[in-house]
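# Structure assessment
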Amino acid sequence: MIIYLIAITLGMVLLFWSAELFVDGATKVSIHYKMSPLFIGMVVIGFGTSAPEFIVSVMSSYFGQDDIAVGNAYGSNIVNIALILGLTSIIKPIKVLSTILRKELLTLLLVSLFSTYLFIDLKLSRGESLFLLSLFILLFYCAIRESKKHRDDSFGLEVAKSIDQKHVTLKSSYFYLISGLGILILSSRLFSWGAAAIAKSLGVSDVVIGFTIVAIGTSLPELISSIVAAKKSESELAFGNIIGSNLFNTLIVIPCAGLVKPLSISKVVFERDMSVMCLVTLVLLLFGIGARGEGRINRIEGGLFILFYMAYASFLIFIN
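## A look at the packing of aromatic side chains
Under the counting rule described, the total for this entry stands at six aromatic pairs. Seen from their ring centres, tyrosine 74 and phenylalanine 119 are 6.1 Å apart, and the 80 degrees between their planes marks the pair as edge-to-face. Residue tyrosine 74 is located in helix α4 (residues 66-91), and its partner phenylalanine 119 is located in the loop between α5 (99-118) and β2 (123-124); the two are separated by 45 residues in the primary sequence. Overall, the relative accessible area of 0% leaves tyrosine 74 in the buried class. Here tyrosine 309 and tyrosine 312 contribute two aromatic rings whose centre-to-centre distance is 6.3 Å and whose plane-to-plane angle is 55 degrees, an arrangement assigned as tilted. Of this pair, tyrosine 309 and tyrosine 312 both sit in helix α13 (residues 299-319), three residues apart, which is roughly one turn of the helix. For the pair shown, tyrosine 309 and tyrosine 312 are each scored as buried.

## Some points on the nonpolar core
Counting residues in hydrophobic clusters, the biggest one holds 59 residues, and the most contacted among them are Tyr74, Phe119, Phe211, Phe239, Ile254, Leu263 and Tyr309. Phe22, Val56, Ile198 and Val214 belong to the second-largest nonpolar core, a separate cluster that totals 17 residues.

## As for a nonpolar patch on the surface
Among the surface-exposed residues, Leu279, Leu282, Leu286 and Phe308 lie close enough to one another that they form a single nonpolar patch of about 340 Å² accessible area. Element by element, the count of residues in the nonpolar patch is highest for helix α12 (residues 267-289), at three residues. Turning to its location among the elements, leucine 279 is positioned in helix α12.

## Re α12
For α12, with 23 residues, the first-to-last C-alpha span of 32 Å sits near the 33 Å given by 1.5 Å per residue. The largest bend in α12 amounts to roughly 25 degrees and is located at serine 275. Looking one or two residues beyond α12, the residue adopting positive phi is glycine 290, at roughly 85 degrees.

## Some remarks on unusual backbone geometry
Working note: non-glycine residues mostly have negative phi, and peptide bonds are mostly trans. For leucine 122, which is not glycine, the phi dihedral falls at a positive 70 degrees. Structurally, leucine 122 can be placed in the loop between α5 and β2.

## With respect to the side chain of arginine 272
In this fold, arginine 272 is placed in helix α12. Looking at arginine 272, the relative accessible area reads 16%, which means it is buried. Here the side chain of arginine 272 touches aspartate 273 through a polar contact of 2.8 Å, side chain to side chain. Residue contacts for arginine 272: discarding those within four places in its chain leaves Val207, Phe315, Leu316 and Ile319.

## Notes on the packing of helix α3 (residues 51-62) against α4
Across the interface, α3 lies against α4 with an axial gap of 7 Å and an inter-helix angle of 160 degrees. Comparing their axes, α4 and α3 come out roughly antiparallel. Here α3 and α4 pass one another in a crossing that is left-handed. Residues Glu53, Val56, Ser57, Ser60 and Ser61 of α3 lie in contact with α4, whose contacting residues are Asp66, Ile68, Ala69, Asn72, Ala73 and Ser76.

## Comments concerning the environment of serine 173
With respect to the helices and strands, serine 173 occurs in helix α8 (residues 170-202). Separated by 149 residues in sequence, serine 173 and aspartate 24 have C-alpha atoms that sit 7.8 Å apart.

## Details of the environment of alanine 7
Relative to the helices and strands, alanine 7 resides in helix α1 (residues 2-32). Of the residues examined, alanine 7 reaches a relative accessible area of 4% and is grouped as buried. Between the C-alpha atom of alanine 7 and that of alanine 195, which follows or precedes it by 188 residues, the distance is 8.3 Å. Residues within four places of alanine 7 in sequence aside, it is in contact with Leu190, Phe191, Trp193 and Gly194.

## Section: the side chain of asparagine 77
Note on placement: asparagine 77 falls in helix α4. At 2.9 Å, the side chain of asparagine 77 forms a polar contact with the side chain of asparagine 249. Excluding its chain neighbours within four sequence positions, the residues that come into contact with asparagine 77 are Asn246, Asn249, Thr250 and Met277.

Reading the values: the criteria
Residues numbered from 1 in each chain as written. Predicted model: local features only at pLDDT ≥ 70, side-chain atom pairs only at ≥ 80, totals over all residues. Heavy atoms only, no water. Phe/Tyr/Trp six-rings, centres within 6.5 Å; stacked < 30°, edge-to-face > 60°. Helix = DSSP H or I, 4+ residues; strand = E, 2+ residues; numbered from the N terminus. Buried < 20%, exposed > 50% of the residue type's maximum accessible area, 1.4 Å probe, protein only. Core = buried A, V, L, I, M, F, W, Y, C linked by side-chain atoms within 4.5 Å. Patch = residues over 30% accessible without salt bridge, like charges linked within 9 Å, V, L, I, M, F, W, Y side chains within 5 Å. Areas by Shrake-Rupley, 256 points an atom, 1.4 Å probe, with all protein chains shown as cover. Salt bridge = Lys/Arg side-chain N within 4 Å of Asp/Glu carboxyl O. Expected span 1.5 Å × (residues − 1). Bend = angle between axes of the 7 residues up to and from the residue. Polar contact = N/O pair within 3.5 Å; in protein donor to acceptor, adjacent residues only side chain to side chain. Contact = heavy atoms within 4.5 Å. Axes fitted to C-alpha atoms, helices over the stretch in contact; angles between N-to-C directions. Parallel < 35°, antiparallel > 145°, perpendicular 65-115°, else oblique. Left-handed = near helix turned anticlockwise from the far one by under 90°.

What follows is the structure in structure tokens.
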């Protein structure tokens, strides 16, 4: 048991460190090629922080651990909204002024509902996985167009303030990018191996482990980056990071795992856990749009998100 706990702890630390290295390299490469701050915030940072989810789910699918692969990705979506945004808004209430972020919120809800629909037969085929990837490419193209049309968007301005504009050689940027990715792969396998081993030794199902321990562990980059952004009063950056990460989990992580090997889930995962993911995404959309035209998540709403996640995680453990 001790060796499995060490594997989880070491894997988690390395996941966080390598993800930070990977995102830093990706951001600096983007700056080098003069990509807009809005694009960097929407795509590079938001998607880059989901690198741990990507590696863990793909590797889990390869080794036949479908429940961990699916639970990690969709569980991270729940963690990102209910736990991470909840904690972030308690530190600093989040105002959503960006027009682009509001559009992305609606996109995220529609994508979440559609991916859930594809699992209605409790399976995700390679053909359906390719369709989700095609949808990502379309949204990626739209993100590029939006970043060019709305250069003065409040979210883009926050990103411009946060990124390091100092000159960095392209060679060192690619080194951070590639080495970060390599360590991500190794640490993710160490982390998921330890989690699966503990699940078996305690008689806990892979579903519970995937939606709790693995999901929280792979969401560490989002947690740290969102808290740091909140402390700097860059609340929209934290918000955009979560939206980008959840889009990546749904349109890249899940379909790539499905391409490695068609995914299968249990009926209870479809009816309970994926419904919870869609529910918290819907609530986030309602908060983000706002009743009076100003979206925000205040401390009370953030506290409710956290209480909901604690109740959900406790329920998963109890029914196991």
